Amino acid sequence: MPREVQITVDCGDPAALSAFWAEVMGYELQAPPQGFTTWDEALAAMGIPEEHRNDASALVDPTSNGPRLFFQKVPEGKTAKNRVHLDVRAAPGLRGDERMAALEKEAERLVALGATRHERHEPSPPLSAGHIVMKDPEGNEFCLD
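The text that follows walks through the structure, step by step, so that each part is easy to find.

Thresholds applied
Residues numbered from 1 in each chain as written. Predicted model: local features only at pLDDT ≥ 70, side-chain atom pairs only at ≥ 80, totals over all residues. Heavy atoms only, no water. Axes fitted to C-alpha atoms, helices over the stretch in contact; angles between N-to-C directions. Helix = DSSP H or I, 4+ residues; strand = E, 2+ residues; numbered from the N terminus. Parallel < 35°, antiparallel > 145°, perpendicular 65-115°, else oblique. Left-handed = near helix turned anticlockwise from the far one by under 90°. Contact = heavy atoms within 4.5 Å. Nonpolar A, V, L, I, M, F, W, Y, C, P; charged D, E, K, R; others polar. Pairing = 2+ DSSP bridges. Core = buried A, V, L, I, M, F, W, Y, C linked by side-chain atoms within 4.5 Å. Buried < 20%, exposed > 50% of the residue type's maximum accessible area, 1.4 Å probe, protein only.

## Focus on the packing of helix 1 (residues 14-25) against helix 3 (residues 96-112)
Between two packed helices, both the angle of their axes relative to each other and the distance between the axes serve to describe the pair. In the contact formed by helix 1 and helix 3, the axes pass within 11 Å of each other and the chain directions differ by 160 degrees. Classified by the angle between their axes, helix 1 and helix 3 sit roughly antiparallel to one another. In the packing of helix 1 onto helix 3, the handedness of the crossing is right-handed. Contacts between helix 1 and helix 3 involve F20, E23 and V24 on the former and, on the latter, E106, R109 and L110. Looking at side-chain class alone, the contact of helix 1 with helix 3 contains 3 nonpolar, no polar and 3 charged residues.

## Some remarks on the sheet that holds strand 7 (residues 131-135)
Read from one edge of the open sheet, 4 strands run 5-8-7-6, paired in mixed fashion. Of all the strands in the sheet, the pair left with one neighbour each is strand 5 (86-88) and strand 6 (116-121). When the angles between neighbouring strand axes are averaged without regard to direction, this sheet yields 25 degrees. Both strand 5 and strand 8 (residues 141-144) contribute to a ladder of 3 bridges, which runs parallel. Bridging across to strand 8, D87 finds its partner in C143. Along the sheet, helix 1 contacts strand 5 and strand 8; its crossing angle with strand 5, the most-contacted strand, is approximately 45 degrees.

## Considering the nonpolar core
Ranked by size, the top nonpolar core spans 22 residues in total, and within it W21, L59, F71, L110, M134, F142 and L144 carry the most contacts. Taken together, the elements giving at least two residues each to this core come down to strand 1 (6-11), helix 1, strand 4 (68-73), helix 3, strand 7 and strand 8. In terms of residue count, the dominant contributor to this core is helix 1 (5 residues). Beyond its immediate stretch of four places on either side in the chain, L110 contacts F20, V24, A115, M134, F142 and L144.

## Examining the environment of G35
Relative to the assigned elements, G35 resides in the loop between strand 2 (28-29) and helix 2 (39-45). For the pair G35 and A102, spaced 67 residues apart in the sequence, the C-alpha separation amounts to 42 Å.

Structure representation (structure tokens):
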């Protein structure tokens, strides 16, 4: 039986990193529990102290097709290359120069949001259509594919 997947990201600032990834993915912040208009209101009602209200954040796909993204605060920073990363499909169906131009345009947009461009990989048919390796604001690698 297929299972649902949640992608969890350890980070230092869940609110800021989830805001970045919401822009990358076209996702939205998960709504607070029923009966609350904001997460701050809900967390206060749950007795969560203010200093712990940025311990986690979650994003959901507004179309309900993609996985939930969960960001959890951890005390340590990133120390090595990711063993698993996201490939953000920024140029589906495009090939060659048109594809790379679309990836470059998206890379520029994401740099303006706080990403870092790491390296460009040129197309090498038939195995690779080309991609750009990026890093999110906390240094997690992902690819524009």
